[in-house]
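Examination of the molecular architecture
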Amino acid sequence: MIHEATGGSQANTDRQLCSFSAEIDMERHSYSCRDTTMSCLALLAALCLGAAVVARGQLTDDFYDDCCPNAEDIVKNRVSAAMKAEPRMGASLLRLHFHDCFVNGCDGSILLDGSNSEKLAGPNLNSARGFEVVDAIKADLEKACPGVVSCADVLALAAKYGVLLSGGPDYDVLLGRRDGLVANQSGANSNLPSPFDAIKVIIKKFSDVGLNTNDVVVLSGGHTIGRARCALFSNRLSNFSATSSVDPTLDSSLASSLQTLCQGGDGNQTAALDAGSADAFDNHYFQNLLSQKGLLSSDQGLFSGAGANSTKALVQLYSSNSERFLCDFRRSMVKMGNISPLTGSAGQIRTNCRAVN
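Predicted model, so just to flag it, every value in this text is computed and none were measured. (Residues numbered from 1 in each chain as written. Predicted model: local features only at pLDDT ≥ 70, side-chain atom pairs only at ≥ 80, totals over all residues. Heavy atoms only, no water.)

Ranked by size, the top nonpolar core spans 73 residues in total, and within it Leu 141, Val 149, Phe 329 and Met 336 carry the most contacts. Here this core gets 9 residues from one element, more than from any other, and that element is helix α6 (residues 151–164). With residues near it in sequence (within four places) discarded, Phe 329 still touches Leu 94, Val 163, Pro 169, Val 218, Leu 219, Gly 222 and Phe 281. Ranked by size, the runner-up nonpolar core spans 14 residues in total, among them Leu 237, Leu 250, Leu 254 and Leu 258. (Core = buried A, V, L, I, M, F, W, Y, C linked by side-chain atoms within 4.5 Å. Buried < 20%, exposed > 50% of the residue type's maximum accessible area, 1.4 Å probe, protein only. Helix = DSSP H or I, 4+ residues; strand = E, 2+ residues; numbered from the N terminus. Contact = heavy atoms within 4.5 Å.)

Dropping the structure here:
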């Protein structure tokens, strides 16, 4: 079930509650940042919790305005530093948010360590990355406003800035998620869309979490940044079928270069998901699909073959209309970020994103 909300009258009520309660407590008990034994940070954390309980089931775009006003700047600064060191990190953070939301909803469960960790599931093992960046963001937030910002919200904000700092669109992230208490390794193995899945299977997995075919295509456009390991596409390069050594929907010159890259390796060599525009968030990914230069089978499948009946026209639209793609991407990211969030008193605000409190 998806809980969607916008910053309307309820959001204003929540913000006023946090602010008004602080004024009442400051006056009644003469609390101040200078002379109280109860720190303002702790008071604001308590007030944020109170507002969250009232706002049960709601996410808003101003959730931390009173309780942790510098939260977005803190996330942006850490993501910016990480991407200066490695531009690919923006794509990795976007992927973490995606892989989190498709398992247990957007609850930060992908960050948990342990024997049942989603990190150890097939779709994430040796490929999900960016955990150290999330740790650094969380540490900064805990210093600024301890116990306030959830790990699930960190992922949502980190994905936003991974996109924005890659040249992609800005959008208002709805906030107020709380963190789950358990990981779901089996769910990650079964629920996450795979590069080997047929398009109809991917559409079904999106539908299962409340996303439609348009969301499938536009969110696949997130592959305009990032890289993929040879293990995820080498099946297209040799012994593809009884009648073709190489996938016939893969451009021959691209296939040749990929064969050279992957030959003799351990499957962990990487290639750009969007050949020719690897680090820029644009609509070049869709233009590549028209030229049979989609890296993954699930990418090219959006345009080629019988399974593309419901997606081909959208690929053509986004390939020629960058503005439409960026606009729809904003909408689909907000929609995805609202997959079954924990709110109110559900879950907790983890102090360490890798473990429950």
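Next comes the rest of the write-up.
Moving on to the packing of helix α3 (residues 71–85) against helix α5 (residues 131–144). When two helices pack together, their arrangement is captured by the angle between the axes and the distance separating the axes. Running from N to C, α3 and α5 cross one another at 150 degrees; their axes reach a closest spacing of 10 Å. It follows from the interaxial angle that α3 and α5 lie roughly antiparallel. Here α3 runs over α5; the crossing is right-handed. Packed against α3, whose contacting residues are Ala 71, Ile 74, Val 75, Arg 78, Val 79 and Ala 82, the element α5 presents Val 133, Ala 136, Ile 137, Asp 140, Leu 141 and Ala 144 at the interface. Considered class by class, the residues forming the contact of α3 with α5 number 10 nonpolar, no polar and 2 charged. (Axes fitted to C-alpha atoms, helices over the stretch in contact; angles between N-to-C directions. Parallel < 35°, antiparallel > 145°, perpendicular 65-115°, else oblique. Left-handed = near helix turned anticlockwise from the far one by under 90°. Nonpolar A, V, L, I, M, F, W, Y, C, P; charged D, E, K, R; others polar.)

A few words now on the UniProt feature "binding site: Ca(2+) 1" (unreviewed entry) in the protein. Residues annotated by UniProt as "binding site: Ca(2+) 1" (unreviewed entry) correspond here to Asp 100, Val 103, Gly 105, Asp 107, Ser 109 and Glu 118. In sequence the annotated residues extend across 19 residues, while in space they remain close, none of their C-alpha pairs exceeding 12.9 Å. Mapping Val 103 onto the fold places it in the loop between α4 (89–101) and α5. In this structure, Asp 107 sits in the loop between α4 and α5. Note on Asp 107: relative accessible area 4%, which makes it buried. (UniProt positions renumbered as here; feature names shortened; annotations may be inferred.)

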